[in-house]
Amino acid sequence: MAFKEIKIQELSINPVTVFSEGWALLTAGDKNKFNSMTVSWGAIGEIWSKPTVFVFVRHSRYTYGFMDNGEYFTVSCFLGKNRNELTLFGRKSGRDCDKYKETGLTPVFDENFVYCDDAEYVFLCRKTSKTEFDSNNFYDKDISGCYSDNDYHSIFTGEIVKILKKTSK
Ligand SMILES: Cc1cc2nc3c(=O)[nH]c(=O)nc-3n(C[C@H](O)[C@H](O)[C@H](O)COP(=O)(O)O)c2cc1C
């Protein structure tokens, strides 16, 4: 499937629903070893004068180690498509199975990046930071309920180095 590179100024997707309703695959690693998982929490914005994607990854995820160790990551956005496949990517762990084989989705290897050929948009990112949540800093006490098992998210930021948009099937 074909993608074309677009500028951030040409991006017309909703920055909230692209995650919350559309779902995405977060992928880290390289062509020799990589892993992808479904994410529906995230953000697109600007920090340190860099267009940036923010993703939230719990320590228990297999993907976490790839995010920690690698210099790059990608966010492949599906805009509500491939729901069954993304449900599998969000329920099974790459520790236990090959999620690409099980779903039939196709990884693409592009220099430093691995992303999903079946997505509608892809953000190719260079990792810029990792931040840990501190439970003392939640002003909204309801949030603590997300962490009753102490499996906290880390916030990873990545400078957007390229945006791809699907052009054809
Ligand atoms: C719709 C959906 C959204 C999800 N969003 C996130 C997320 O934003 N952050 C996270 O850490 N886990 C999220 N998950 C859970 C992971 O995708 C899931 O635990 C996955 O199996 C981890 O795979 P891995 O062990 O191969 O990394 C989500 C799961 C689903 C189904």
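Predicted model, so just to flag it, every value in this text is computed and none were measured.

A. Highlighting the site of the ligand. Taken together, 21 residues form the shell around the ligand, and within it Tyr62, Thr63, Gly90, Ser93 and Gly94 come nearest. For the shell around the ligand, the elements supplying multiple residues, two or more each, are strand S3 (33–39), strand S5 (50–58), helix H2 (62–69) and helix H3 (83–91). In terms of residue count, S3 provides more of the shell around the ligand than any other element does, four residues in total. Across the shell around the ligand, the residue classes break down as seven nonpolar, nine polar and five charged.

B. Structural view of the pairing of strand S4 (residues 42–47). Pairing of S4 with S5, which is carried by six bridges, proceeds in the antiparallel orientation. Among the inter-strand pairings, glycine 42 is bridged to a residue of S5, identified as valine 55. Turn length for the S4-S5 hairpin, with the two strands adjacent in sequence and antiparallel, is two residues, and the turn residue tryptophan 48 shows positive phi of about 55 degrees.

C. Seen up close, the environment of tryptophan 41. Here tryptophan 41 is to be found in the loop between S3 and S4. Accessibility expressed as a C-beta count within 10 Å gives 13 for tryptophan 41, which makes it partly exposed. The spatial distance from the C-alpha of tryptophan 41 to the C-alpha of phenylalanine 56 is 6.5 Å, given a sequence separation of 15 residues. Apart from residues lying up to four places away in sequence, tryptophan 41 is in contact with Phe19 and Phe56.

D. Representation of the environment of leucine 25 in the model. Relative to the helices and strands, leucine 25 resides in strand S2 (residues 24–30). Counting along the chain gives 51 residues from leucine 25 to serine 76, while the straight-line C-alpha distance between them is 5.1 Å. When residues no more than four places from it in sequence are discounted, the contact partners of leucine 25 are Ser36, Thr38, Ser76, Leu86, Phe89, Cys116 and Ala119.

E. Summary view of H2. Those residues of H2 that fall on the buried side of the exposure criterion are Thr63, Phe66 and Met67. Summarising the axial view, the buried residues of H2 lie within an arc of 100 degrees, below the 170-degree limit, and thus occupy one face.

What counts, and where the lines are drawn
Residues numbered from 1 in each chain as written. Predicted model: local features only at pLDDT ≥ 70, side-chain atom pairs only at ≥ 80, totals over all residues. Near = placed C-beta within 6 Å. Helix = DSSP H or I, 4+ residues; strand = E, 2+ residues; numbered from the N terminus. Nonpolar A, V, L, I, M, F, W, Y, C, P; charged D, E, K, R; others polar. Pairing = 2+ DSSP bridges. Buried ≥ 20, exposed ≤ 12 C-beta atoms within 10 Å, placed from the backbone. Contact = placed C-beta atoms within 7 Å. Arc of directions from axis to C-beta.

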